[in-house]
Every structure is written in C-alpha cells, then in structure tokens.
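Below, each chain spelled out in residue letters.
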Amino acid sequence: MPKKAEQPVSFETSLQQLEQIVTHLESGNLPLEEALNEFERGVQLARAGQQTLQQAEQRVQILLSDDKNADLTPFTPEND
C-alpha cells in the first residue's frame, strides 16, 4: 500500500519544532548519532522556514509594486 504524502507543516509549527531541537541539542545529553539526526532535521526546518519567509517577502513586494507611491522599507518590529 502506498504511503500517504506528508502534509506540509505550517511555518509556526516548524519554528516550534526547531526551537525544541535547539533545546535538545543545547542540553548536551544526546548520544552523537541522535544529536546528528536532530541537527539534520533542524537544518531542514531552518531552510524550509527561510524559503517560506523569502516567498512571503516576494509576495509583499509584488503587492506593493502596484502602488507607485509606496516605498519598500525594511520591516522593523515595534516591540523591540
């Protein structure tokens, strides 16, 4: 029987998983092989997250490009 394709995980879920992986790795209590597997999964999540963010940025730029008076400026969070 063929396997069902995994549903893509949301950006937020991926970020939570990545934070958990970092916590596990920073604990220093993982055997080497398990740490390498966690690191590999973390790299995959980080790359997928970066790609998602780049796509979102491109979408925003496309949406704003129709308004010739709108300047593209870097996003700066107000809560910092």
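Residues numbered from 1 in each chain as written. Predicted model: local features only at pLDDT ≥ 70, side-chain atom pairs only at ≥ 80, totals over all residues. Heavy atoms only, no water.

K.L.:
Just to check I follow, could you spell out the environment of Val22 for this structure?
P.N.:
Along the polypeptide, Val22 turns up in helix α1 (residues 11-27). Owing to a relative accessible area of 37%, Val22 belongs among the partly exposed residues under this scheme. Distance in space between the C-alpha atoms of Val22 and Gly42 is 7.7 Å, their sequence separation being 20 residues. (Helix = DSSP H or I, 4+ residues; strand = E, 2+ residues; numbered from the N terminus. Buried < 20%, exposed > 50% of the residue type's maximum accessible area, 1.4 Å probe, protein only.)

K.L.:
Can you walk me through α1 in this structure?
P.N.:
Three or four residues apart is the spacing at which side chains of an α-helix point the same way, because the helix has 3.6 residues per turn. For α1, which comprises 17 residues, the first-to-last C-alpha distance of 25 Å matches the rise-based estimate of 24 Å (1.5 Å per residue) to within 8%. Positive phi shows up at Gly28, right after α1, with a value of about 75°. (Expected span 1.5 Å × (residues − 1).)

K.L.:
What should I look at first to understand helix α2 (residues 32-65) in this one?
P.N.:
Taking 1.5 Å per residue, 34 residues should reach 50 Å; α2 reaches 49 Å between its end C-alpha atoms and fits that length. Buried within α2 are the following residues: Ala35, Gly42, Leu45 and Gly49. Packing partners of the buried residues in α2 comprise α1. (Contact = heavy atoms within 4.5 Å.)

K.L.:
Help me understand the environment of Phe11, please; the structure alone is not making it clear to me.
P.N.:
On the secondary structure map, Phe11 appears in helix α1. Residue classification places Phe11 among the partly exposed positions, given a relative accessible area of 28%. Once the C-alpha coordinates of Phe11 and Leu53 are considered, the two residues, 42 residues apart in sequence, prove to be 8.8 Å apart.

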